[in-house]
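Residue-level listing of the chains:
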Amino acid sequence: MRFSIITPTYARPAELVRCIASVRAQTYRKYEHLICSDGHSASDEQCVKSYKDKRMKYSHVKREGRSYYGNKQRNKMIQEAKGEYLIFWMMTIAYCHTI
């Protein structure tokens, strides 16, 4: 596994679908896509699991007070990442070109 792509999410299924599509559109295939939610909504988990892609992994971190903009989620995914390189693929950059 060359790259670990990390995406924190929080109850935005439409944006998550675009983000996943953007990652899957990449020509390089040796990656894992780690998606972590704050557990606010079950729709994120359902969205990820609907792809049935072994490169995608979903987990959640229980929200405690403010979300801190995904820092807790990112830290968990960094610990679980197996890739040689980490990429933080935020849902707001879902439209970037292939890498």
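Structural data are supplied above this passage.
Residues numbered from 1 in each chain as written. Predicted model: local features only at pLDDT ≥ 70, side-chain atom pairs only at ≥ 80, totals over all residues. Heavy atoms only, no water.

## Structural notes on the overall build of the protein chain
Now for step 1: Helix and strand counts for the protein chain come out as 3 helices and 4 strands.
Now for step 2: If you list the helices and strands of the protein chain from N to C, you get β-α-β-α-β-α-β.
Now for step 3: Relative to its 99 residues, the protein chain shows a buried fraction of 39%.
Now for step 4: Summed over all atoms, the accessible surface of the protein chain reaches about 6200 Å², with 54% contributed by carbon and sulfur. (Helix = DSSP H or I, 4+ residues; strand = E, 2+ residues; numbered from the N terminus. Buried < 20%, exposed > 50% of the residue type's maximum accessible area, 1.4 Å probe, protein only. Areas by Shrake-Rupley, 256 points an atom, 1.4 Å probe, with all protein chains shown as cover.)

## Quick word on the side chain of S59
Now for step 1: For S59, the position within the fold is in strand β3 (residues 56–60).
Now for step 2: Given the relative accessible area of 10%, S59 is considered buried.
Now for step 3: Once residues lying within four places of it in the same chain are set aside, the contact partners of S59 are I35, C36, S37, K76, M77 and E80. (Contact = heavy atoms within 4.5 Å.)

## Remarks on the packing of aromatic side chains
Now for step 1: Taken as a whole and judged by the stated rule, the model has 2 aromatic pairs.
Now for step 2: Here F3 and Y28 contribute two aromatic rings whose centre-to-centre distance is 5.5 Å and whose plane-to-plane angle is 90°, an arrangement assigned as edge-to-face. With a gap of 25 residues between them, F3 in strand β1 (residues 3–9) and Y28 in the loop between α1 (13–24) and β2 (31–37) connect regions that are remote in the sequence.
Now for step 3: With relative accessibility at 35%, the residue Y28 sits in the partly exposed group.
Now for step 4: For the ring pair F3 and Y85, a centre distance of 5.7 Å and an interplane angle of 35° mean the geometry is tilted. One end of the pair, F3, is in strand β1; the other, Y85, is in strand β4 (residues 85–88), and 82 residues separate them in sequence.
Now for step 5: Using a relative accessible area of 23% as the deciding quantity, one classes F3 as partly exposed.
Now for step 6: Through pairs of rings, three or more aromatic residues link up here, namely F3, Y28 and Y85. (Phe/Tyr/Trp six-rings, centres within 6.5 Å; stacked < 30°, edge-to-face > 60°.)

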